[in-house]
Every structure is written in structure tokens, then in C-alpha cells.
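# Tertiary structure, described
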Amino acid sequence: MNPRLIAFSGLMTAFVGGGIGFIIANLFPSPYTSQMYQHLDQKYAIFGAVAGLVIGSSQEVIRELKQERDAEEELLRDFNKAIQSSRNKENY
């Protein structure tokens, strides 16, 4: 696995998630004024960035693991073909 690619993917989706969270907070402002509802744009941006980091990194890890599994399956397929071919040569 490539940890640099996983980190890059996680950071890019974190930036996108943070931006989406910030935009959502500004498009739909809260009508409430209590302390809990202050600075919602920052809270939504942080939540979106964390969600983006987790989702992006997980997706890249899954993609890398699938590539490794496919490569292993291809190697086993080639190995089985070689065994079958040598058995067929022995039978003649």
C-alpha cells in the first residue's frame, strides 16, 4: 500500500468536506442565538473535514487492497495454468 497516496486522498476529501460544511452552515443559518449555536460555520467545517478525511482515506485503502487482491488472484490464475499445462504435457 502507498501511505502517501492514502494521506493525499484523505487530505483532499477533508478539504472538500470542510468546504461543504462551511457552505451548508452559511446557506442555512440557524435562527437561534444561544451559545451552542454560535460559530456553527466552524463546527460544520470541522465536522465535514473529519468526515471527508475518514471517508477519503477509507476509500483509498479499499481501492489499494482491491488492487493487491486482484494482482494476487492473477498470479494464482497464471500459476494454475502453468501447473495444468505441465500436467497435460506429462500425460502425453
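Further up the page is the structure itself.
To start, this report covers the structure provided alongside it. Computed from a predicted model, the values in this text were never measured in an experiment. (Residues numbered from 1 in each chain as written. Predicted model: local features only at pLDDT ≥ 70, side-chain atom pairs only at ≥ 80, totals over all residues. Heavy atoms only, no water.)

### Re the pattern of salt bridges
Taken as a whole, this structure holds five salt bridges when the rule is applied. Arg 63 is the salt-bridge partner of Glu 60, the closest N and O atoms lying 2.6 Å from each other. Placement of the pair is Glu 60 and Arg 63 together in helix H2 (residues 40-91), with a separation of three residues, close to one helical turn. On the basis of relative accessibility, which here comes to 9%, the residue Glu 60 falls in the buried class. Residue classification places Arg 63 among the partly exposed positions, given a relative accessible area of 37%. Residue Arg 69 is joined to Asp 70 by a salt bridge in which the shortest nitrogen-to-oxygen separation is 3.7 Å. With relative accessibility at 44%, the residue Arg 69 sits in the partly exposed group. (Salt bridge = Lys/Arg side-chain N within 4 Å of Asp/Glu carboxyl O. Helix = DSSP H or I, 4+ residues; strand = E, 2+ residues; numbered from the N terminus. Buried < 20%, exposed > 50% of the residue type's maximum accessible area, 1.4 Å probe, protein only.)

### Regarding helix H1 (residues 3-27)
Taking 1.5 Å per residue as the helical rise, H1 with its 25 residues ought to reach 36 Å, and the 36 Å between its terminal C-alpha atoms agrees with that figure. Buried within H1 we find Ile 6, Ser 9, Gly 10, Ala 14, Gly 17, Gly 18, Gly 21 and Ala 25. The backbone nitrogen of Arg 4 has a side-chain oxygen 3.2 Å away, supplied by the residue at the start of H1, namely Asn 2. (Expected span 1.5 Å × (residues − 1). Polar contact = N/O pair within 3.5 Å; in protein donor to acceptor, adjacent residues only side chain to side chain.)

### Points about a nonpolar patch on the surface
Residues Val 16, Ile 20, Phe 22, Ile 23, Ile 24, Leu 27, Phe 28 and Tyr 44 make up a contiguous nonpolar surface patch of about 810 Å² in total accessible area. Ranked by residues supplied to the nonpolar patch, first place goes to H1 with six residues. Residue placement: Tyr 44 occurs in helix H2. We classify Tyr 44 as partly exposed; its relative accessible area is 36%. (Patch = residues over 30% accessible without salt bridge, like charges linked within 9 Å, V, L, I, M, F, W, Y side chains within 5 Å. Areas by Shrake-Rupley, 256 points an atom, 1.4 Å probe, with all protein chains shown as cover.)

### Some words on the side chain of Ser 57
You can see Ser 57 is positioned in helix H2. Note on Ser 57: relative accessible area 18%, which makes it buried. When near neighbours in sequence (up to four residues on either side) are disregarded, Ser 57 contacts Ile 6 and Gly 10. (Contact = heavy atoms within 4.5 Å.)

### Regarding the environment of Val 50
You can see Val 50 is positioned in helix H2. Assessed through its relative accessible area of 48%, Val 50 is described here as partly exposed.

### A look at the side chain of Glu 64
In this structure, Glu 64 sits in helix H2. In this structure, Glu 64 is buried with no salt-bridge partner, the nearest side chain bearing the opposite charge being Arg 63 at 4.1 Å. Excluding its chain neighbours within four sequence positions, the residues that come into contact with Glu 64 are Met 1, Asn 2 and Leu 5. (Lys, Arg positive; Asp, Glu negative; His and termini not counted.)

### With respect to unusual backbone geometry
In terms of backbone geometry, most residues other than glycine have negative phi values and most peptide bonds are trans. If you check the backbone angles, His 39 has positive phi at about 60° while not being a glycine. Among the secondary structure elements, His 39 is positioned in the loop between H1 and H2. Of the residues examined, His 39 reaches a relative accessible area of 52% and is grouped as exposed.

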